[in-house]
Amino acid sequence: MKRIFAHIGFAFALTMLVLNCLPKEMIPIVAVGLAVLLLASLLLRYFREAVSVPLCLGAAVLACLVFWCVYQASVVPILALNGKTAAIQFYITDLPVFNGSSYQYTVRAKEVLLPGAPQNILLHVSSATPITAEPYTLTEGNVTFYSIGDTARTSYHYWNRSIYIGARLNDFNVTDTVIPSPMKAVLWLRNDIIETLVRTVKGDAGAIAAAMITGDKYYVTDEVRSLFRYAGVSHLMAVSGLHLSVVTGVVYFVFKKLLSQRRAASAVTVVVTVAYMALAGFSSSIVRAGIMVLTLHIAVLVGKRA
C-alpha cells in the first residue's frame, strides 16, 4: 500500500504543478478530461483491477477541484482589484528591497476601502520614496493596484507567497498604532545582522555575506548581481538547503561535543532550525529544507528512524 499512497501523492502534486502553469480557462477542460479518464478506468476491468490507476486519476481530479475552489475563493476577488485606486490601511511585514528605481515592500493590507473588496490581504507595494514606517506599524495610504501575473508561473515567486496583486503607493501617513507580532523581533534581528555585516565587512563582500546568510539582497549592487548570474551561482544568495545544512550541521556538531548526547544536540538543532527559517523569512526554499532537517532531528528525539 505504501507504493499506492506514493502514486496518489505524486499524482496530486503533479496535477497541482501543471494547473499552476496553465491559463485559468484551461482548468475546467483539464478537470473534465481527467474525470472522463477516471470514469473509463472504473469501467474497464483491466485498469480497475490495477487499483493505482483509478486512485491516481481520482487524486488528479481532486487536485483540480481543490485548486479551482481555492482560486475562485481566494485569488479571483483579489485579481478584481486590478486597475483600481483605493485608500488602504497596511503594515510592512518584511524588509524593503531597492531595485534601482523604486522601493519594494511586502505589506499586509488590513483594510481596503472599496465596496466588496477582500480584506487582510498581502500586497507587493512599490514606492518612489522610502516608507518611513517601522515594520508592523499601521500606515494609511492611497494605492493603485496592478497585475503581477495571472498564473503562478507568470507571477514569478509572488503567488508562491500568497501575493496575487501589486500596488503603487501614491501617498501615505504613518500612524502610532503598532501591530503586535513575534515576527517584528525576528525582522529587527535580521536587520541588525545585515547592518552589522555591511558595516563590519564593508563593500561588496559585506553585501554578499548578508545575502548569503539572510537572503536579503538590499545592499547587493547590480554589477555583483550580474557577475553572480553570469557565473551561474545566483542561487548562493538565496537561502536554501545548502545554507541551512551548514548552519545546522555546525550547531549539531558543536553541541554534540559539548553535551555528549545526541538527543540534547538534536533538541538544540531543532530550535536553531526554526529560528533560522524565521530569520530567512520562511521562503519556500528554506521551508522545504527546514522540514527535512526537522524530520531528521525529531526522529532522533523520539527514537525513530528518519
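Residues numbered from 1 in each chain as written. Predicted model: local features only at pLDDT ≥ 70, side-chain atom pairs only at ≥ 80, totals over all residues. Heavy atoms only, no water.

As for the packing of aromatic side chains
Applying the stated criterion across every chain, the model contains seven aromatic pairs. Here the aromatic rings of Tyr71 and Trp159 are separated by 6.4 Å at their centres, their planes lie at 40 degrees, and the arrangement is tilted. Highlighted residues: Tyr71 in helix H4 (residues 52–79) and Trp159 in the loop between strand S5 (137–146) and strand S6 (166–178), separated in sequence by 88 residues. Judged on exposure class, the residue Tyr71 and its partner Trp159 are both buried. Given the relative accessible area of 9%, Trp159 is considered buried. Here Arg168 stacks its cationic end above the ring of Tyr146, 4.2 Å away from the centre of that ring. Over the ring of Tyr230 we find Arg229, and its NZ or CZ is 6.0 Å from the ring centre. (Phe/Tyr/Trp six-rings, centres within 6.5 Å; stacked < 30°, edge-to-face > 60°. Helix = DSSP H or I, 4+ residues; strand = E, 2+ residues; numbered from the N terminus. Buried < 20%, exposed > 50% of the residue type's maximum accessible area, 1.4 Å probe, protein only. Lys NZ or Arg CZ within 6 Å of the ring centre and 35° of its normal.)

Focus: helix H9 (residues 262–279)
Spanning 18 residues, H9 covers 25 Å between terminal C-alpha atoms, matching the ideal 26 Å at 1.5 Å per step. Two residues or fewer after H9 comes Gly281, characterised by a positive phi angle close to 80 degrees. (Expected span 1.5 Å × (residues − 1).)

Looking at the packing of helix H8 (residues 241–259) against helix H10 (residues 284–302)
H10 packs onto H8 with a crossing angle of 30 degrees between their chain directions and a minimal axis gap of 9 Å. With respect to H10, the axis of H8 lies roughly parallel. Classified by chirality, the crossing of H10 by H8 is right-handed. Packed against H8, whose contacting residues are Gly241, Leu244, Thr248 and Tyr252, the element H10 presents Ile286, Ala289, Gly290, Val293 and His297 at the interface. Taken together, the residues of the contact of H8 with H10 sort by class into five nonpolar, four polar and no charged. (Axes fitted to C-alpha atoms, helices over the stretch in contact; angles between N-to-C directions. Parallel < 35°, antiparallel > 145°, perpendicular 65-115°, else oblique. Left-handed = near helix turned anticlockwise from the far one by under 90°. Contact = heavy atoms within 4.5 Å. Nonpolar A, V, L, I, M, F, W, Y, C, P; charged D, E, K, R; others polar.)

Here's the deal with the side chain of Arg190
Following the sequence through the fold, Arg190 ends up in helix H5 (residues 183–201). On the basis of relative accessibility, which here comes to 7%, the residue Arg190 falls in the buried class. Not counting the four nearest positions on each side in its chain, Arg190 is found in contact with Asp94, Leu95, Thr214, Gly215, Asp216, Leu279, Ala280 and Gly281.

Describing the pattern of salt bridges
Enumeration according to the criterion identifies two salt bridges in this entry. Note that Asp94 and Arg190 form a salt bridge whose closest N and O atoms lie 2.9 Å from each other. Residue Asp94 is located in the loop between strand S1 (85–92) and strand S2 (97–98), and its partner Arg190 is located in helix H5; the two are separated by 96 residues in the primary sequence. (Salt bridge = Lys/Arg side-chain N within 4 Å of Asp/Glu carboxyl O.)

A word on the confidence of the model for the chain
Chain-level pLDDT for the chain is 88 on average; 99% of the residues reach the 70-or-more range. Mean pLDDT across the secondary structure elements of the chain bottoms out at helix H3 (residues 45–50), with 74, and peaks at S1, with 95. (pLDDT = per-residue confidence, 0-100.)

A few points about the nonpolar core
Val112, Leu123 and Phe145 are the most contacted members of the largest nonpolar core, which has 38 residues in total. Elements represented by at least two residues in this core include exactly helix H1 (2–21), helix H2 (26–43), H4, S1, strand S3 (103–112), strand S4 (121–127), S5 and S6. Examining the composition of this core, we find that nine residues originate from one element, H4, more than from any other. Listed in part, the eleven residues of the second largest apolar core include Val239, Leu244, Leu279 and Val293. (Core = buried A, V, L, I, M, F, W, Y, C linked by side-chain atoms within 4.5 Å.)

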